[in-house]
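Geometric and topological summary
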Amino acid sequence: MTTLRDLTLIGIRMESPGHAPVMMLRETDGYRYLPISIGSVEATAIAYEEQGLRPSRPLTHDLMRDILVALETTVLAVEIVELRDSVFYAELVLANGARVSARPSDSVALAIRLGTPLRCREEVLAEAGVATPEAEQAELERFRQFLDGIAPEDFTS
């Protein structure tokens, strides 16, 4: 049986060099963090939703949400299911039992729009998760405060 761990989206940070966006997820009942490199478009979509910004026209992830709602289909969970050759794989778990393969960045951008739980297989967290001792929690809190000050425009070039 596969063990799944609940995750919380911490936010997006810019990783140097090159200022590549990294999506930071944290194990809800633990101290492991899961950093995943993502594209700038997905970073912007996540940042917009986190900050409650609404563009004049729907972004792709807004469209996906609207289609799911119109079809009366529910996404029960987003699961990060595999790490292969440094690439993360996720699945959308639908109410009808179907599982749809998707990139973690797109999955999370959709999940935060739907209020869908985020989960990760234990073996993926064991391989790619970064354990953070309690002594470093204060530094992470400062990082969270920094994330609160980032604007979506920071992700555009």
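None of the values given here were measured: they were computed from a predicted structure.

Parameters at a glance
- Residues numbered from 1 in each chain as written.
- Predicted model: local features only at pLDDT ≥ 70, side-chain atom pairs only at ≥ 80, totals over all residues.
- Heavy atoms only, no water.
- Buried < 20%, exposed > 50% of the residue type's maximum accessible area, 1.4 Å probe, protein only.
- Helix = DSSP H or I, 4+ residues; strand = E, 2+ residues; numbered from the N terminus.
- Pairing = 2+ DSSP bridges.
- Contact = heavy atoms within 4.5 Å.
- Axes fitted to C-alpha atoms, helices over the stretch in contact; angles between N-to-C directions.
- Patch = residues over 30% accessible without salt bridge, like charges linked within 9 Å, V, L, I, M, F, W, Y side chains within 5 Å.
- Areas by Shrake-Rupley, 256 points an atom, 1.4 Å probe, with all protein chains shown as cover.
- Salt bridge = Lys/Arg side-chain N within 4 Å of Asp/Glu carboxyl O.
- Core = buried A, V, L, I, M, F, W, Y, C linked by side-chain atoms within 4.5 Å.
- Parallel < 35°, antiparallel > 145°, perpendicular 65-115°, else oblique.
- Left-handed = near helix turned anticlockwise from the far one by under 90°.
- Nonpolar A, V, L, I, M, F, W, Y, C, P; charged D, E, K, R; others polar.
- Arc of directions from axis to C-beta.

Some words on the pairing of strand β7 (residues 118-121)
Judged by which residues are buried, β7 turns out to be one-sided: Leu118 and Cys120 face inward and are buried, whereas Arg119 and Arg121, on the alternate face, are not. Summarising the sheet, strand β1 (residues 4-15) and β7 pair through 4 bridges and their orientation is antiparallel. Residue pairing across strands places Leu4 opposite Arg121, the latter belonging to β7. Here strand β4 (residues 75-84) pairs with β7 via 3 bridges, running parallel. Residue pairing for β7: Ile80 is matched across the bridge by Cys120.

Focus: the sheet that holds β1
Across the sheet, 8 strands lie side by side as β6-β5-β4-β7-β1-β2-β3-β8; this open sheet has mixed pairing. Each edge of the open sheet carries a strand with a single partner, namely β6 (99-102) and β8 (130-131). Packed onto the sheet, helix α1 (residues 40-50) meets β1 and β2 (20-27) and runs at close to 105° relative to β1.

Thoughts on a nonpolar patch on the surface
On the surface, a cluster of nonpolar side chains totalling about 290 Å² of accessible area is made up of Leu63, Ile67 and Leu71. Mapped onto the secondary structure, Leu71 falls in the loop between α2 (60-70) and β4. When its relative accessible area of 59% is taken as the criterion, Leu71 is described as exposed.

A word on the nonpolar core
Nonpolar side chains in soluble globular proteins generally cluster together in the buried interior. Met23, Leu25, Leu34 and Ile80 are the most contacted members of the largest nonpolar core, which has 29 residues in total. If near-sequence neighbours (up to four positions away) are discounted, Ile80 is found in contact with Leu7, Leu25, Leu34, Ile36, Phe88, Tyr89, Ala90, Arg119, Cys120, Arg121 and Val124. Core analysis: the second largest hydrophobic core is formed by 7 residues, Ile10, Val22, Met24 and Leu147 among them.

Concerning the packing of α2 against helix α3 (residues 104-114)
Orientation of α2 relative to α3, taken along the N-to-C sense of each, is 55°, at an axis distance of 9 Å. The orientation of α2 with respect to α3, classified from their angle, is oblique. Classified by chirality, the crossing of α3 by α2 is right-handed. Contacts between α2 and α3 involve His61, Asp62, Met64, Arg65 and Leu68 from the former and Asp106, Ala109, Leu110, Arg113 and Leu114 from the latter. Considering only residue class, the contact of α2 with α3 consists of 5 nonpolar, 1 polar and 4 charged.

Quick notes on α2
Every α-helix winds through 3.6 residues per turn, so residues three or four apart in the chain are directed the same way. The complete set of buried residues in α2 reads His61, Asp62, Arg65 and Leu68. Axial view of α2: buried residues confined to an arc of 125°, hence all on one face. Set apart from the buried face of α2 by more than 90 degrees, the exposed residues are Thr60 and Ala70. Among the structural elements, α1, β4 and α3 are those in contact with the buried residues of α2. Within two residues after α2, Glu72 carries a phi angle of roughly 55°, on the positive side.

Fair warning: the whole summary comes from geometry, so function is off the table for now.
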